[in-house]
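A look at the structure
Each chain, written out:
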Amino acid sequence: MSKKVIMSDQVVGEHCSVQGALHQDSYQEGYSFPREVLFDKARMKRLFHNKWCFVGTRGDVPDTGSYLSFRLFENSYFLIHGTDGVIRCMVNRCAHQSAHLVTENVGKCPAKIMCPNHQWTYNLDDGSLYHAPRMSDEFVCSDAGKASSLDNIKLEEVAGMLFMSLGEGAPDEDIQGMRELLDPYVGPFHLDKEGYKLAYHEREVLDANWLTVMINNRECCHCQMNHKGLLKLFSDSSFNGGREPSYMAAFSKASERWDDKGLLWKEKAFDEHDCCRIARYPMKEGFKSTSFDGKPCSAMLIGPHKEYDEGTLSFWLNPNAWVHFTSDHIATNWVLPIDEHKCILYTSWIVHKDAVEGVDYEKEHLTSVWKVTNSEDVALCRSMTQGAYSAHYRPGPFSDDERHCTQFCNWYMKYSR
Amino acid sequence: MSKKVIMSDQVVGEHCSVQGALHQDSYQEGYSFPREVLFDKARMKRLFHNKWCFVGTRGDVPDTGSYLSFRLFENSYFLIHGTDGVIRCMVNRCAHQSAHLVTENVGKCPAKIMCPNHQWTYNLDDGSLYHAPRMSDEFVCSDAGKASSLDNIKLEEVAGMLFMSLGEGAPDEDIQGMRELLDPYVGPFHLDKEGYKLAYHEREVLDANWLTVMINNRECCHCQMNHKGLLKLFSDSSFNGGREPSYMAAFSKASERWDDKGLLWKEKAFDEHDCCRIARYPMKEGFKSTSFDGKPCSAMLIGPHKEYDEGTLSFWLNPNAWVHFTSDHIATNWVLPIDEHKCILYTSWIVHKDAVEGVDYEKEHLTSVWKVTNSEDVALCRSMTQGAYSAHYRPGPFSDDERHCTQFCNWYMKYSR
Amino acid sequence: MSKKVIMSDQVVGEHCSVQGALHQDSYQEGYSFPREVLFDKARMKRLFHNKWCFVGTRGDVPDTGSYLSFRLFENSYFLIHGTDGVIRCMVNRCAHQSAHLVTENVGKCPAKIMCPNHQWTYNLDDGSLYHAPRMSDEFVCSDAGKASSLDNIKLEEVAGMLFMSLGEGAPDEDIQGMRELLDPYVGPFHLDKEGYKLAYHEREVLDANWLTVMINNRECCHCQMNHKGLLKLFSDSSFNGGREPSYMAAFSKASERWDDKGLLWKEKAFDEHDCCRIARYPMKEGFKSTSFDGKPCSAMLIGPHKEYDEGTLSFWLNPNAWVHFTSDHIATNWVLPIDEHKCILYTSWIVHKDAVEGVDYEKEHLTSVWKVTNSEDVALCRSMTQGAYSAHYRPGPFSDDERHCTQFCNWYMKYSR
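Residues numbered from 1 in each chain as written. Chains lettered and ligands numbered in written order. Predicted model: local features only at pLDDT ≥ 70, side-chain atom pairs only at ≥ 80, totals over all residues. Heavy atoms only, no water.

A few words now on the nonpolar core. One finds F33(A), M164(A), W210(A), F315(A) and Y412(A) to be the most contacted residues of the largest nonpolar core, which totals 102 residues. Here this core spans two domains, and each of domain 1 (63–150) and domain 2 (172–415) of chain A adds at least three residues to it. (Core = buried A, V, L, I, M, F, W, Y, C linked by side-chain atoms within 4.5 Å. Buried < 20%, exposed > 50% of the residue type's maximum accessible area, 1.4 Å probe, protein only. Domains from an automatic or database assignment.)

Spelled out as structure tokens, the structure:
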């Protein structure tokens, strides 16, 4: 493992020696973040201005007027599905007296976006002011009225996945590169078209540093001790390099099946695009979907699947998401910082648009694997954050099986400058 | 609407242009506050030193020894009804080891004010130290003993309404002017005499900026969408200029009745005194008091009322209160900041001193209109505060129907310097 | 009472006059702390580096592998009973990814200390790294592996009582002095040997300034008004100088009994060692132990007791503890700051190792006296802290019966520099 030290633009050398400092105060490749990086909110904000982050899919806002609200730092935003079919991201704040325009996590605006406070009303497709009750008739068309449009935030759709950026400078090439990489895998699901519905969505405010949550997500060395449930579905080896002979045999068998079905399975490990890892994993025999009992999560197959496949297609997206496709549903997870101490984890379960709850799927059965797994991770992330608060904190080394943590840390240091 | 910009003492001009600033950073008349004003705690404190604020009525502390505790910024105070009938405001902190002297919201001190910690005891009428157990006999009369008196805070009573100020400089003319204005309206209720009791008192800590709460209170354009309950009692038009013909006819009919009864009804809209608006509103037919079913709130009439009148006499007091008199009770609401992020809303329901709970009134029936209405407002104020935290926040324009918001903002900017 | 003013190293004089300051801003002997001392976290930290604090007894971690976790400032630590019988204090943070190693308040590590996150494993006796899964075989023995040992914090055992210090400079003489003082009193209990078990342990996060909690603990003038339960067991006079003739007679009778039994009873009031007060108190007739009904707390006697004695042997330890020994159990209380606003109160009840719950003792019966008493104190400390936040706060004078408060304040000012 290389031990180069990255500090701002400058490579300091093999060992970072700071006079009189008890602890290292600069990032060292192969180690977790130093505390002054973990708790640097300004740096976090720069990252979300410099890069794109995942904020859900078209399946979260499938119909005209559907919205999903979310929070990034001190700001509330919402995704909204326009009458023109385009999904946009707008600031969730009325231009009049600053109330939230949408107040639920997910919901539906009728023909317009109407503020619940004084009924100021905005157009679905561009957030421009449509009607301002009690203001003069000319107001809407005046400069002040035009200045009362909702701020639109940069949002791009890639194969039905939605990426936003707070800054103007987030590179278009990122989106282009993601498109080239994701299209072959995600395209066959036609997530960018109608055909899906949001079966369930939940979110949880975590008392955990956002970077800690991402690092926890980028390795599965903790799975064996902490995700007993998940290990019913997957071989522990699957997440950690997959070097055990029994697993290699199982993978080999599965990959032949995938070839027959025309399902891509070649891993992309942040190599073709530094924002994205893609892997298809075999599940254990008899597991038709990501449920604890192995039974299908939904009676209606999706995308390229003509029959249940005992595997998942998974994506890990920098800086903030992990997404799992099975034969019958898509489970998306993304996490956004509120500040350096708290973040919110958003999780959606998306199924075929014609699937009927209670008939084709049961919410509890559909959602329990990732609910349980996430809650186990949340406890770990809280613990790691508490440890990072300690005056005794020191960055710790990553093993080779945690190489995606190192990738994440390097990537973050590079793009959060 | 005028667009003059007030920034400290200086009128900057038609448009405030700050080089490089994304958002306006100075107050502009006709718009809500800029964020740096909303969250300026030092400015809030100056206001409460420069001016008087409403902190209840004699009905909150009707008998000798009655107290009501409240909080303003980091300090706890209490109103106390002396043996001489005078109501005073004292610091709620024992001179010995700083414990709160009174620990309930409202209650009664026996002959003295006794600290629950070590029984240091103070005189009801001036807060001077009466007894300090275990200190030497000479201590109470020594300089140190005299220095252990409870701090008295400036408090003035106007027609039974209580106004306090943190600063020595709050003008006496304010009180004199309020007296001249309020006496003709409130005097007939004899609230400054015995005759009332506190039927119910509650308070709620709000996760809302105090200024936001006051601005919400100064307009009723939000009522139509948010106070469905209240609109059973009052015409929406009543709050918003009252220009609808049907309302004008109803008001005209009511005002003739009020003339017959000798009840003043002429609106004073922060014109005669910039701290006070007074209005008498007709309620809808059949509403004897502010209850959802229109039935009387109490069987015992108060003040000038010889029969139930289908109307309210309402007061909006700068900087922090709104008070409603009906034929059978008085409902007072006042709100004080804890800091720039939180405030406390205090609400009292005051009835005839001989009214008996369960016989003449039912708590639930008496209190539900303002309880429900306040809880609806609290949700709005939280939402507005969240919107104000946003990096995307910009002050928004007030309509003419929101002119009392503009009055409040101008007033606040003027007196919080 | 002397009125010398101590400010840093400098005696300023009889009265501290600070130009233009409303309130005293330096400590004055005989008065509680000025606000700038109460809320000075850096000063608190210096104290815990300069001196030793009590963190439980061998009875909290009686067997090999037993641990008790606790928090001091932003750090989590744990006591651990080694295979060599030595109790050590280690930083509760895995060197790998900073998760807490022990996650319960009290518990037991098997042969090693294993991180629940990725199974990094440490030796019980010195915290050195034993196994780091997925790291190279050489890692554990490498410099990086050695640097991954758990930080050991200074811990000393005195007659079975445990004292830790955050700093290297805490004087050994303190420990030696404590040993000389405590051994004659505590030695007969053989708490430094096997023979005890932890019957119950609890902790509560207090919204109270830590210094306020300690000052409350150092006087019992508040007991009469606030600890009605405790006064069933003890004469109020017992805590406050014991000058009442009836109490002096009771004490005289009890001390003859103690002499007969060979139980020391001479009070040591922070005189022989400025960290320690020791007193033996008679309980009221019929009280065999510290239970509200006076019945024994446990059926098994401990230490020097061959029969139930109607008395307690109590220790008040600077800066942070109070401990009560009866014939059948030991109750320990200690309190550590999280920051200047919050602290944690830890309480343990320790009984004979062979005592069986439900047979020899009932948890509820054993613990209720100190549970109730502590909860009464917690309310007072919160109230005092609130009072100290007030802009109107001024330090208050201590009476002679509160002389141990003055001792604590002087001691704190001296050692927190």
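With that out of the way, let us pick up the sheet that holds strand β11 (residues 129–131) of chain B. All names here are of chain B. Across the sheet, which stays open at both edges, the three strands sit in the order β9-β10-β11 with antiparallel pairing between neighbours. Among the strands making up the open sheet, the edge pair consists of β9 (112–114) and β11. Averaged over neighbouring strand pairs, the angle between their axes works out to 40° when direction is ignored. Looking at chain direction, β9 and strand β10 (residues 121–123) are connected through three bridges and run antiparallel. From the neighbouring strand, K112 faces β10, where its bridge partner is N123. (Pairing = 2+ DSSP bridges. Helix = DSSP H or I, 4+ residues; strand = E, 2+ residues; numbered from the N terminus. Axes fitted to C-alpha atoms, helices over the stretch in contact; angles between N-to-C directions.)

Copies of the same chain, two in number, are related to each other by a rotation about an axis and a translation along it. Under the fitted operation, chain C is carried onto chain A by 0.1 Å of movement along the axis and a turn of 120°, and the coordinates agree to an RMSD of 0.0 Å. The transformation just described matches what one would write down for a three-fold rotation axis. Relative to the rotation axis, the closest C-alpha in chain C is found at H341(C), a distance of 11 Å. (Least-squares fit on C-alpha atoms with pLDDT ≥ 70 in both.)

This part covers the interface of chain C and chain A. Listed as interface residues are 27 residues of chain C and, on the opposing side, 29 residues of chain A. Approximately 2,200 Å² of surface area, both sides summed, lies buried where chain C meets chain A, with 47% of it carried by carbon and sulfur atoms. It is R93(C), Q97(C) and R134(C) in chain C that bury the most area against chain A; as a group they hold 28% of the surface buried on that side. For the interface between chain C and chain A, the tally reads two salt bridges. A salt bridge links R394(A) to D151(C); the nearest nitrogen and oxygen atoms lie 3.4 Å apart. Taken together, the connections running from chain C to chain A amount to 14 residue pairs in polar contact (both at pLDDT 80 or more). A class-by-class count of the residues in the side of chain C that touches chain A yields 13 nonpolar, nine polar and five charged. (Contact = heavy atoms within 4.5 Å. Buried area = accessible area lost by both parts, 1.4 Å probe. Salt bridge = Lys/Arg side-chain N within 4 Å of Asp/Glu carboxyl O. Polar contact = N/O pair within 3.5 Å; in protein donor to acceptor, adjacent residues only side chain to side chain. Nonpolar A, V, L, I, M, F, W, Y, C, P; charged D, E, K, R; others polar.)

For the rest of this paragraph, the subject is the pattern of salt bridges. Enumeration according to the criterion identifies 54 salt bridges over all chains in this entry. When the shortest N-O distance is used, the salt bridge between D207(B) and K342(B) registers 2.4 Å. Within this pair, whereas D207(B) is found in the loop between β14 (196–206) and α5 (210–217), its partner K342(B) is found in the loop between β19 (330–337) and β20 (343–352), the two being separated by 135 residues in sequence. Taking the relative accessible area as the measure of exposure, D207(B) reaches 39% and is therefore partly exposed. When its relative accessible area of 32% is taken as the criterion, K342(B) is described as partly exposed. Because the salt bridges share partners, they merge into one network encompassing R257(A), K261(A), E307(A) and D309(A).

Tallied over the full model, the rule gives three disulfides over all chains. One disulfide in the model links C220(A) with C223(A); its S-S distance is 1.6 Å. Judged by the sign of its S-S torsion, about -100°, the bond between C220(A) and C223(A) is left-handed. With a relative accessible area of 9%, C220(A) lands in the buried category. This cysteine, C89(B), is not joined by any disulfide, and C53(B) carries the nearest cysteine sulfur, 8.6 Å off. With no disulfide of its own, C297(B) lies closest to C223(B) among cysteine sulfurs, the gap being 18 Å. (Disulfide = S-S within 2.5 Å.)

Residues and elements named next belong to chain A. Examined at the domain level, chain A breaks down into domain 1 (63–150) and domain 2 (172–415). Computed over C-alpha atoms, the centres of domain 1 and domain 2 are 33 Å apart. Tallying the contact residues gives nine residues for domain 1 and nine residues for domain 2. Across the domain 1 to domain 2 interface the summed buried area is about 790 Å²; carbon plus sulfur atoms make up 65%. Looking at the side of domain 1 facing domain 2, the largest losses of area belong to R71, F73 and N105, adding up to 52% of the total buried there. At the boundary of domain 1 and domain 2, one finds zero salt bridges. Connecting domain 1 to domain 2 are four residue pairs in polar contact (both at pLDDT 80 or more). Tallying contributions element by element places strand β5 (residues 66–72) first for the side of domain 1 that touches domain 2, with five residues. Residue classes in the side of domain 1 that touches domain 2 are distributed as five nonpolar, two polar and two charged.

What follows is about the sheet that holds strand β13 (residues 161–165) of chain C. Paired through their backbone hydrogen bonds, the strands of a sheet run either parallel or antiparallel. All names here are of chain C. Spatial strand order, β4-β13-β12-β7-β6-β5-β8: seven strands in an open sheet with antiparallel pairing. Since the sheet does not close on itself, it has two edges, and those belong to β4 (53–57) and β8 (106–108), each with one partner. Each adjacent strand pair in this sheet contributes to an overall mean axis angle of 30°, direction not counted. As paired elements, strand β12 (residues 152–158) and β13 share five bridges and run antiparallel to each other.

Mapped onto the secondary structure, E180(C) falls in helix α4 (residues 172–186). Once the C-alpha coordinates of E180(C) and K261(C) are considered, the two residues, 81 residues apart in sequence, prove to be 22 Å apart.

Before going further, it helps to spend a moment on the packing of helix α5 (residues 210–217) of chain C against helix α10 (residues 403–415) of chain C. Residue and element names in this part refer to chain C. Where α5 meets α10, the closest approach of the two axes is 8 Å, and the angle between their N-to-C directions is 145°. Seen along the crossing, α5 lies across α10 with a hand that is right-handed. Each of W210, L211, M214 and I215 in α5 lies in contact with α10, whose residues at this interface are C405, F408, C409 and Y412. (Left-handed = near helix turned anticlockwise from the far one by under 90°.)

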